[in-house]
Amino acid sequence: MTRFDALRHARLRARIEDAQPIRPRSTRRLADEVSPRHSLLAFGSFWSSLTVILAFGPPAQDPPPPPALWEEALLWALMGAIMLVAFGTASRTRFGIHASTFGGAVLLVGAVACPLAGHAIGAWWYIQMAAGVVALSVPLLLARTA
């Protein structure tokens with residue numbers, strides 16, 4: 001081995017010893033911190049979509065029909081998503097982004113399920129679908145980049 005090869009191997013060994021381990025994306029933990037910008041973008045996409053869906057919804061029927069069991073489960077999932085999104089945003093961890101993704105999925109499932117519940121389909125339904133897609137896609141994109 002020449003002196004040049006020995007020097008090159010010594011430098012390479014020093015780099016390997018000083019290197020920090022790199023975690024692949026698949027081993028990222030929910031407790032890993034994210035930037036405040038990512039956290040607030042996930043929070044804002046969920047809450048703005050929820051606000052748009054509630055603002056453009058049709059007026060309630062005079063005597064509302066009793067909700068089906070799956071509608072109740074969807075409402076409970078939405079209430080849980082609201083709490084998870086608030087907690088995750090306050091903690092500024094990856095958990096908040098994943099909670100916003102869950103909330104967006106619940107909003108999108110609710111928009112798809114509206115015709116099944118017997119609600120009227122009109123222009124507001126397309127707005128509701130678009131808001132659900134935004135609420136789901138923004139946190140998914142942030143989860144890949146954060």
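This one's a predicted model, so the numbers in the text were calculated from it and none came from an experiment.

J.: If you had to explain the nonpolar core to someone new, which residues and values would you point to?
T.: F46, L50, I53, L78, A81, I82, V85, A99, V106, L107, A131 and A135 form the largest nonpolar core, which has 12 residues in total. Elements that contribute at least two residues to this core include exactly helix 2 (36–55), helix 3 (69–91), helix 4 (94–117) and helix 5 (123–145). Ranked by residue count, the leading element in this core is helix 3, at four residues. The residues touching A99, leaving out its near neighbours within four places in the chain, are L84 and V85. The next biggest cluster of nonpolar side chains, apart from the first, holds five residues, and it includes V34, A42, I97 and L142.

J.: Describe the packing of helix 2 against helix 5, and please don't skip the residues or the numbers.
T.: Remark: helix 2 packs on helix 5, axes separated minimally by 9 Å, with the N-to-C direction vectors making an angle of 170°. Between helix 2 and helix 5, the angle falls in the class roughly antiparallel. Contacts between helix 2 and helix 5 involve H38, L41, A42, S45, F46, S49, V52 and I53 from the former and I127, Q128, A131, G132, V134, A135, V138, P139, L142 and T145 from the latter. A breakdown of the residues in the contact of helix 2 with helix 5 according to their chemical character gives 12 nonpolar, six polar and no charged.

The rules behind each value
- Residues numbered from 1 in each chain as written.
- Predicted model: local features only at pLDDT ≥ 70, side-chain atom pairs only at ≥ 80, totals over all residues.
- Heavy atoms only, no water.
- Core = buried A, V, L, I, M, F, W, Y, C linked by side-chain atoms within 4.5 Å.
- Buried < 20%, exposed > 50% of the residue type's maximum accessible area, 1.4 Å probe, protein only.
- Helix = DSSP H or I, 4+ residues; strand = E, 2+ residues; numbered from the N terminus.
- Contact = heavy atoms within 4.5 Å.
- Axes fitted to C-alpha atoms, helices over the stretch in contact; angles between N-to-C directions.
- Parallel < 35°, antiparallel > 145°, perpendicular 65-115°, else oblique.
- Nonpolar A, V, L, I, M, F, W, Y, C, P; charged D, E, K, R; others polar.

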